[in-house]
Amino acid sequence: MIPVIAIDGPSASGKGTVAERVAQSLGFHFLDSGALYRLVALAAGRSGISMGDTTALEKLAANLDVRFYQGNIYLNNQLVTDDIRSEICSRHASLAAAIPGVRTALLTRQRAFREAPGLVADGRDMGSVVFPDAVLKVFLTADPKIRAHRRYNQLMNKGIPASMQSLLWDIEERDTRDESRTVAPLKRGNALLLDTTTLTIQQAVDQVLAWFAEAQPGLS
Ligand code: DC
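Below you will find a few notes about this structure. Just so it is clear, the structure is predicted and the values come from calculations on it, not from any experiment.

Moving on, we get to the overall build of the protein. The number of helices and strands found in the protein is nine helices and eight strands. For 220 residues, the compact-globule estimate of 2.2 N^0.38 gives 17 Å, and the C-alpha radius of gyration of the protein, at 17 Å, lies within 12% of that figure. Expressed as a percentage of its 220 residues, the buried residues of the protein come to 47%. Residue pairs at least 24 apart in sequence account for 74% of intrachain contacts in the protein once pairs closer than 6 positions are excluded. Looking at the protein as shown, the accessible area adds up to about 10,500 Å², and 53% of this sits on carbon and sulfur atoms.

Structure below.
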């Protein structure tokens, strides 16, 4: 059985960076499942589909022409790695993610990432729905203010203007929506809790690797 490490948690918790570094360190594949919801949002915007048109969004999710290649993401053969990180895409992705048919349409695509020698999957329902047999399930979180601050620094580094207050509101609004939706809501379940409020990225990575070594001796 190909091992999966599921890393779930709220927006801007740093789980993407942690998951990617864990994957690199183990030589595993990496799935950024949030990117798929962001791609649905971006593709909808580009095709003039409103975020209220559930049927059209489900169809779009089922037929997305997406390629993940060497750290970049392509939609219809166009580079969209940075475009899907905009705040509007974040907000619309959260709306798309609440539609059951969109989630179902993306299931097979996510499971196809499970390839030898292993996979680190980052998202909201990796351990609960997509890979319930994951060998290690981590719930990675941090205080909302710290998460808003981290997102603020990320945007500033890219030269994108941002307001701390509106980032915090957005994060809290998305947390509420992700936690309260009826399908695959964000919840810790039986995952190990990793609170990174006072941890560096490397400390968080080391903790996940240590848990994996315990869960799967011989593979780390
Ligand atoms: O992790 P992210 O911020 O890139 O995710 C974008 C949105 O997609 C976010 O609102 C939560 C949602 N999402 C989800 O519902 N399930 C996942 N497995 C991953 C992301």
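Let's pick the thread back up.
The ligand sits among 16 residues. The nearest are Arg 38, Arg 103, Arg 124, Asp 125 and Arg 181. Lys 15 has a polar side-chain atom sitting 3.5 Å from an oxygen atom of the ligand. With respect to the ligand, the side chain of Arg 181 contributes an N or O atom lying 2.9 Å from an oxygen atom. In the complex, the protein chains occlude 97% of the 450 Å² of accessible area that the ligand would expose alone. Elements supplying a minimum of two residues to the shell around the ligand: helix H2 (33–47) and helix H4 (87–96). For the shell around the ligand, the element with the most residues is H2, which contributes four residues. Residue classes in the shell around the ligand are distributed as four nonpolar, four polar and eight charged.

Bringing the packing of aromatic side chains into the picture now. Applying the stated criterion across every chain yields a total of two aromatic pairs. Both rings, one in Phe 68 and one in Phe 113, keep their centres 5.5 Å apart while their planes meet at 85°; by these two values the pair is edge-to-face. Of this pair, Phe 68 sits in strand S3 (residues 66–69) while Phe 113 sits in the loop between helix H5 (100–111) and strand S6 (119–123); the two residues are 45 residues apart in sequence, bridging distant segments of the chain. With a relative accessible area of 30%, Phe 68 lands in the partly exposed category. Residue placement shows Arg 67 over the ring face of Tyr 74; its charged tip is 4.7 Å from the ring centre.

Attention shifts here to the packing of H4 against helix H8 (residues 164–180). It is at 10 Å that the axes of H4 and H8 come closest, and there the two elements cross at 15°. As judged from the angle between their axes, H4 and H8 are roughly parallel. For H4 against H8, the interelement crossing comes out left-handed. Here Glu 87, Ser 90, Arg 91, Ser 94 and Leu 95 of H4 lie close against H8, whose contacting residues are Leu 167, Asp 170, Arg 174, Arg 177 and Asp 178. Its residues placed into classes, the contact of H4 with H8 shows two nonpolar, two polar and six charged.

The side chains of a regular strand alternate, first on one face of the sheet and then on the other. Burial analysis of strand S1 (residues 4–8) places five of its five residues in the buried class, the great majority of the element. In terms of strand pairing, S1 meets S6 through five bridges, oriented parallel. By the bridge assignment for S6, Ile 7 is matched with Asp 122. Relative to strand S7 (residues 136–141), S1 runs parallel, the two being bridged by four bridges. Looking at the pairing, Ala 6 lines up with Lys 137 of S7.

What counts and how
Residues numbered from 1 in each chain as written. Predicted model: local features only at pLDDT ≥ 70, side-chain atom pairs only at ≥ 80, totals over all residues. Heavy atoms only, no water. Helix = DSSP H or I, 4+ residues; strand = E, 2+ residues; numbered from the N terminus. Rg over C-alpha atoms; globule rule 2.2 N^0.38 Å. Buried < 20%, exposed > 50% of the residue type's maximum accessible area, 1.4 Å probe, protein only. Contact = heavy atoms within 4.5 Å. Areas by Shrake-Rupley, 256 points an atom, 1.4 Å probe, with all protein chains shown as cover. Near = heavy atom within 4 Å. Polar contact = N/O pair within 3.5 Å; in protein donor to acceptor, adjacent residues only side chain to side chain. Nonpolar A, V, L, I, M, F, W, Y, C, P; charged D, E, K, R; others polar. Phe/Tyr/Trp six-rings, centres within 6.5 Å; stacked < 30°, edge-to-face > 60°. Lys NZ or Arg CZ within 6 Å of the ring centre and 35° of its normal. Axes fitted to C-alpha atoms, helices over the stretch in contact; angles between N-to-C directions. Parallel < 35°, antiparallel > 145°, perpendicular 65-115°, else oblique. Left-handed = near helix turned anticlockwise from the far one by under 90°. Pairing = 2+ DSSP bridges.

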